[in-house]
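# Observations on chain architecture
Spelled out from the first residue to the last, the chains are:
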Amino acid sequence: MGSDRMKKKREKNHEWMRLLMEDIMRLSREKDSPLSVEDVMEDSSVDRQEVKEAIERLEKRGLAKFERGHLALTEQGEKVADVIYNYHRVIEEVLGHEVAHALEHFSEAAEKIKILGEKAKPLEKFRENERGVVAYFEIGNPKVISKLLGIGLSPGVSFRVIKYRKDGFVLEVGGRLVVLGRELGKGIAGVSMS
Amino acid sequence: MTALLVGQPNVGKSALLNAITGAKVMISNYPGTTVDVSSGSVVIGGEKYVFIDTPGVYSLTASSEEEKVTNEMILKGEYDFIIQVIDATVLGKNLILTYQLAELGKPLILVLNFHEEAEKRGINIDVVRLEKLTGCPVVKVNPLKRRFEELLKRIDKATPPALKMTYDDHIEAAVSEIKKLLDTSELSKRGIAIKLLEGDPVAARMFGNDEIFRIIGSYKQYHPDIEQDIMVTRAGHAVILEEKVVEVSHSRKSRFSWLDRLVINTTLGGAFFSLGVFVFVFVILFYLGGWLQDVLGAFFDSFLQSLEPWLERTNDLIGSLVENSLIGFGAGISIAVPYVGIFYFLLALMEDTGILSRFIVSLNNIMRKFGVPGRAIIPMMLGLGCTVPAVRATRLLSGFKDRLKVAALFIAIPCSSRNAIIFGVVGHHAGMAYAIGIYVVSIMVLIITARMLGLFIKSKPIPLIEELPPYRRPVLKNLVVKAWIRMSDFVYIVIPLLIIGGMLYGLLSHYNLINPFVKFFDNLTVKWLNLPSGTIIPIIYGFLQKDLVPAMLSNALGTSDFASIMTPHQIFIFGLVSTLQIPCIIAFGMLVREFGIRRSFLLWILGFIYGMFWSGIVNKLLLAL
């Protein structure tokens, strides 16, 4: 979800973040036991906030898990870390392009995630009569998400855009008509099936 | 044994309750709130079963007041088992709720309604498999055809569901930490921990403590999307479970009715549809309501006449109090009940047939221009009948700010008593053109006010998410029960208020407390509104009860031929000032109940100044022309 402010900040720090993530993975591989936030702060001489941000990114990409104050690499994370550890040159490529791009070599699941990430588009980009499958929500308010799930629009469910209205969209979901306000056009991402 | 009936909106919970328990449905307020809950009891196999209906919810994540009630009733755990009513045509999304209930660990029976309709559409549910996977009894019912024997036969077989699901590691870690700090025996600790983690306000109030909030806070730091993750995971499991038990035999390609194509897909169709519904509702309210009002009014008049000899013999003050409280009671029965009762019946009819959500959707665009959600049309329409239940009906909106906004708009929505002034005083004595003029000014003021309120009350409305249920044939008995549930609080709250209002009026008239006001308000009446000085009396009485205005005007002027004393322009302004007013004292009482004394008082004072302001502006403008 994340606010716009955070997103901008992240983009600005993209390069720097990449290096920090790389450091964390390398350190984790070197130490061979769960890392604490303090370990990273000391090793890379960075502040707590930056470490948290990097960890969050690693978790989002399924490379690491942060539990009870300690960071452990996931199976995929281990593999990536191996690559980082052994072939420094490859890293540029691995984390330079979308990480998911590199991960396709490692697991089938990552392939699916990649397809979703690349092919999903916001609801407002769907044409009338176009079919799609809900991929994910970018909506801040949990009440709205719960209502969307309640009317049957959950990730993985297929829908069809019936009609564009001035104030929203008419969708077909599970054989029922559902009307959504225009504001939701950006918050629901789907993969086209047409 | 006590059973809660739980389910999504429009799945037929109340119909099932009515069918099982017969007409013996009790309506009561849920303690601490004013959401109505109906219940009924029946003896099955020598054991007494009490069934409690809960407001329909899409999930247990509370957003509106009604959903909070359902949530609280479930979390309190003061029942033996839950009966979840499921719409078989859309099993998957109903199963989300099933998973949520399963987490809480109470015994459950799943009831499939509308299964014939589902079969007709080629949706075949493997009931045996569903029963095996959920671990609790699954029975089919059809309350409309009064078929629910299987439910009665297996009513004692409720079992805690065997549905299990695991969330992401970080969620599970948080759940196990929170679980240790919980102290409850009624419900599963895991289920409550998950609800707390989801940020559920009801669960937080009932089970939360600082330590738990600290844990949740520390997890949210790294996983800000934890609520969404939980909900999406659960929905995913529901979809998978649906796929395991549902087989779609012929293509699920649904054919939408020509009506939907027209109403939802074309602007013009939507406009015609909403206009049609409006006309339908108002013609019925006008003719049927008017006729009922005449009948009931005549009955009360003759009743009062018969009391006349007794009233003359008693003490003046007591006589005046008794007489006026009876007038208040009579007004409640003969004016409010016909309009409000019929309106609620029509509302239930629109709801049960599926017309209501289409109506809300087609008006959404216009209502958005007013800065309020589409649903606000219901209280606003009701406001044309009586402001008192309309204030209460603002509960249908989920945001408090939206509710307050709509309540403030009632200044410019003439209720039936104000309509009576417009027709009876202005239309009759100054001409129909003037009466129509008042409506035109009201609509203009309504639009301007709504726009201005939008600047002051900033609300971020929840976006429109409206499901269009299939058209269904309504059942008369269910409509009557529904209308009565909604009307009951009107009868129990408003009618006493009307009686008190009448007595207050009797007191004031007995001690002649009105005259001192007259001089005080001269600046307003004579200089700003250019009305005869005495007209302030009916205006002041209008605060108590709008129905008294015409009678008091003839008192004040000394004649019922208003046109002989006031010019048509003055009559028009008088009508305008009586229309653009804060509603009567009874409506004020309802505002206090719903929004608190401070806000209501502010609304009242501002409304008075505001109405005077507009009436004066229109007055001066017309005089200048």
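Keep in mind the model is a prediction, meaning the values are calculated, not measured.

### Topic: the overall build of chain A
Counting secondary structure elements, chain A contains 9 helices and 9 strands. The burial tally for chain A puts 48% of its 194 residues in the buried class. When contacts within chain A are restricted to residue pairs at least 6 apart in sequence, those whose partners lie at least 24 apart make up 56%. About 10,000 Å² of surface is accessible on chain A, with carbon and sulfur atoms providing 50% of the total.

### With respect to the overall build of chain B
Helix and strand counts for chain B come out as 28 helices and 10 strands. Taken over 625 residues, chain B has a buried fraction of 56%. Contacts in chain B between residues far apart in sequence, at least 24 positions, make up 74% of those at least 6 positions apart.

### Here's the deal with the pairing of strand β6 (residues 158-165) of chain A
Residues and elements named next belong to chain A. Where strand β5 (residues 131-137) meets β6, 3 bridges bridge the pair, whose relative direction is antiparallel. Its bridge partner being in β6, Val133 is matched across the sheet by Ser158. Across 6 bridges, β6 lies against strand β7 (residues 168-173) in antiparallel orientation. Within β7, the residue paired with Val161 across the bridge is Leu171. Hairpin connection of β6 to β7: 2 residues between the antiparallel strands.

### Digging into the interface of chain B and chain A
Between chain B and chain A, the residue contacts involve 47 residues of the former and 44 residues of the latter. With both sides pooled, the region where chain B packs onto chain A buries about 4,200 Å², and carbon together with sulfur makes up 58% of that total. Here chain B is connected to chain A by 2 salt bridges. Across the pair Glu467(B) and Arg176(A) runs a salt bridge, and its minimum N-O distance is 3.1 Å.

### Quick notes on the confidence of the model for chain A
In low-pLDDT segments, the atomic positions of the prediction should not be examined closely. All names here are of chain A. For chain A, per-residue confidence averages 73 on the pLDDT scale, and 73% of positions sit at 70 or higher. The least confident element of chain A is helix α7 (residues 99-103), whose mean pLDDT is 37; the most confident is strand β4 (residues 121-122), at 90. This stretch, residues 87-112, has a pLDDT under 50; its non-local contacts, to residues over four places away or in other chains, come to 33 contacts.

### With respect to the pattern of salt bridges
Scanning the entire structure with this criterion turns up 30 salt bridges over all chains. For Arg165(A), the salt bridge identified is with Asp167(A), shortest N-O distance 3.0 Å. By relative accessible area, Asp167(A) is classed as buried at 9%. What you see here is one network of salt bridges that share partners, running through Arg176(A), Asp87(B), Lys93(B), Glu117(B), Glu467(B) and Arg472(B).

### A few points about unusual backbone geometry
As a rule of thumb, non-glycine residues mostly have phi less than zero, and peptide bonds are mostly trans rather than cis. Residues and elements named next belong to chain B. Of note in the backbone geometry, Asn10 takes a positive phi value of approximately 65 degrees without being a glycine. Residue placement: Asn10 occurs in the loop between β1 (2-7) and α1 (13-21). By relative accessible area, Asn10 is classed as partly exposed at 37%. You will see that Phe114, though not glycine, has its phi angle at about 60 degrees, which is positive.

### What about the sheet that holds strand β3 (residues 70-73) of chain A?
All names here are of chain A. Taken together, the 3 strands give an open sheet; going across it, the order is β1-β3-β2, and neighbouring strands pair in antiparallel fashion. Each edge of the sheet is formed by a strand with only one pairing partner; in this case those strands are β1 (35-36) and β2 (64-67). Here β2 pairs with β3 via 4 bridges, running antiparallel. Counted as the bridge partner of Ala64 is Leu73 from β3.

### As for the packing of aromatic side chains
Per the counting criterion, the structure on display carries 14 aromatic pairs over all chains. The rings of Tyr49(B), Phe51(B) and Phe81(B) are connected pair by pair, giving a single aromatic cluster. Over the face of the ring belonging to Phe126(A) we find Lys121(A), whose NZ or CZ atom lies 4.7 Å from the ring centre.

### Some points on the sheet that holds β6(A)
Sheet strands pair by backbone hydrogen bonding; their relative direction is either parallel or antiparallel. In spatial order, the strands read β4(A)-β9(A)-β5(A)-β6(A)-β7(A)-β8(A)-β10(B); together these 7 strands make up an open sheet with antiparallel pairing. Strands with a single pairing partner mark the edges of an open sheet, and in this sheet they are β4 of chain A together with β10 (465-468) of chain B. Across 4 bridges, strand β8 (residues 176-181) of chain A lies against β10(B) in antiparallel orientation. Across the sheet, residue Val178(A) finds its bridge partner in β10(B), namely Glu467(B). In this fold helix α12 (residues 258-265) of chain B packs onto β6, β7 and β8 of chain A together with β10 of chain B, with an angle of close to 55 degrees to the strand it touches most, β6(A).

### A few points about the pairing of β7(A)
Counting buried positions over the 6 residues of β7(A) gives 6, a clear majority of the element. Where β7(A) folds back onto β8(A) in an antiparallel hairpin, the turn is made up of 2 residues, including Gly174(A), whose phi is positive at roughly 55 degrees.

### Regarding a nonpolar patch on the surface
A contiguous nonpolar patch, built from Phe423(B), Met432(B), Ile436(B), Val440(B), Met444(B), Ile448(B), Met452(B), Leu455(B) and Phe456(B) and spanning about 910 Å² of accessible area, is present on the exposed surface. At 8 residues, the largest contribution of residues to the nonpolar patch is made by helix α20 (residues 432-456) of chain B.

So, how was this worked out
Residues numbered from 1 in each chain as written. Chains lettered and ligands numbered in written order. Predicted model: local features only at pLDDT ≥ 70, side-chain atom pairs only at ≥ 80, totals over all residues. Heavy atoms only, no water. Helix = DSSP H or I, 4+ residues; strand = E, 2+ residues; numbered from the N terminus. Buried < 20%, exposed > 50% of the residue type's maximum accessible area, 1.4 Å probe, protein only. Contact = heavy atoms within 4.5 Å. Areas by Shrake-Rupley, 256 points an atom, 1.4 Å probe, with all protein chains shown as cover. Pairing = 2+ DSSP bridges. Buried area = accessible area lost by both parts, 1.4 Å probe. Salt bridge = Lys/Arg side-chain N within 4 Å of Asp/Glu carboxyl O. pLDDT = per-residue confidence, 0-100. Phe/Tyr/Trp six-rings, centres within 6.5 Å; stacked < 30°, edge-to-face > 60°. Lys NZ or Arg CZ within 6 Å of the ring centre and 35° of its normal. Axes fitted to C-alpha atoms, helices over the stretch in contact; angles between N-to-C directions. Patch = residues over 30% accessible without salt bridge, like charges linked within 9 Å, V, L, I, M, F, W, Y side chains within 5 Å.

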